[in-house]
Amino acid sequence: MPTLSAFIVEDNPTILSNLVATLEELTSVRIVGSAPSEEAAVRGLHEHATDLDLVIVDIFLSAGSGLGVLEAAQGMQMRARRVVLSNFATPEVRRRCLALGAAEVFDKSRDLDALIDYCDKLAEV
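Rules used throughout
Every chain is numbered independently, its residues counted from 1 as its sequence is written. Side-chain atom pairs in this predicted model are given and counted only at pLDDT of 80 or more, local residue features only at pLDDT of at least 70, and totals for whole chains, interfaces and linings cover all residues. Each side-chain value is derived from all of the structure's non-hydrogen atoms; neither hydrogens nor water enter the calculation. Each helix is a run of DSSP H or I of at least 4 residues and each strand a run of E of at least 2, with the numbering of both proceeding from the N terminus. For each residue, the accessible area found with a 1.4 Å probe, counting protein chains only, is set against the maximum for its type, and the residue is called buried under 20%, exposed over 50%, and partly exposed in between. Pairs of N or O atoms are called polar contacts if they sit within 3.5 Å, as long as, within protein, a hydrogen donor faces a hydrogen acceptor (for residues adjacent in sequence, only side-chain-to-side-chain pairs). By the convention used here, residues are in contact when the closest approach between their heavy atoms is within 4.5 Å. For two strands to pair, DSSP has to find at least two bridges joining them. To get an axis, a line is fitted to the C-alpha atoms, and for a helix only the part in contact is used. The angle between two axes follows their N-to-C directions and goes from 0 to 180 degrees.

Caption draft 1: Seen up close, the side chain of Asp58. Considering the arrangement of structural elements, one finds Asp58 in the loop between strand E3 (54-57) and helix H3 (66-74). Residue Asp58 is classed as buried on the basis of its relative accessible area, which comes to 5%. In terms of polar contacts, Asp58 uses its side chain to reach the side chain of Lys108, at 3.0 Å. What Asp58 contacts, discounting residues up to four positions off in sequence, is Val9, Glu10, Asp11, Gly66, Leu85, Ser86 and Lys108.

Shown next as structure tokens:
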């Protein structure tokens, strides 16, 4: 199975560390970068735009918003799939994320297995 290069936008260091460990252990994902804020994420995405297969974005960040990251990513012509992993995956947030180009929206508290399955399926393509 091919390895997917991923970038994570998450401001909580504990969640980021656990997510990186989980994805790298249980899937064919290799994390190539991360950012805790909208500005740092947009900068990082520009840096890695051609290298990425997957971008995982939280909605609430230390500065800015994951919605801003999704909006900026729309104009970057990236081939990477963008997904949201948030504790705030309400129907309205899901609708907004999908409208901004997110392929999927996952709830941190209950959809981690679904994210892992998504990564596995993406690696098979």
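Caption draft 2: Spatial organisation of the sheet that holds E3. Across the sheet, 5 strands lie side by side as E2-E1-E3-E4-E5; this open sheet has parallel pairing. Of all the strands in the sheet, the pair left with one neighbour each is strand E2 (29-35) and strand E5 (104-107). Averaged over all pairs of adjacent strands, the angle between their axes in this sheet comes to 25°, without regard to strand direction. Where strand E4 (residues 81-86) lies against E5, 4 bridges are found, and the strand directions are parallel. Looking at E5, one finds that Ser86 is bridged to Asp107. Strands in contact with helix H1 (residues 13-26) are strand E1 (4-9), E2, E3 and E4; relative to E2, the strand with the most contacts, it is inclined by about 160°. Seen against the sheet, H3 touches E1, E3 and E4 and runs at an angle of roughly 175° to E4.

None of the figures reported here should be taken as evidence of function without further support.
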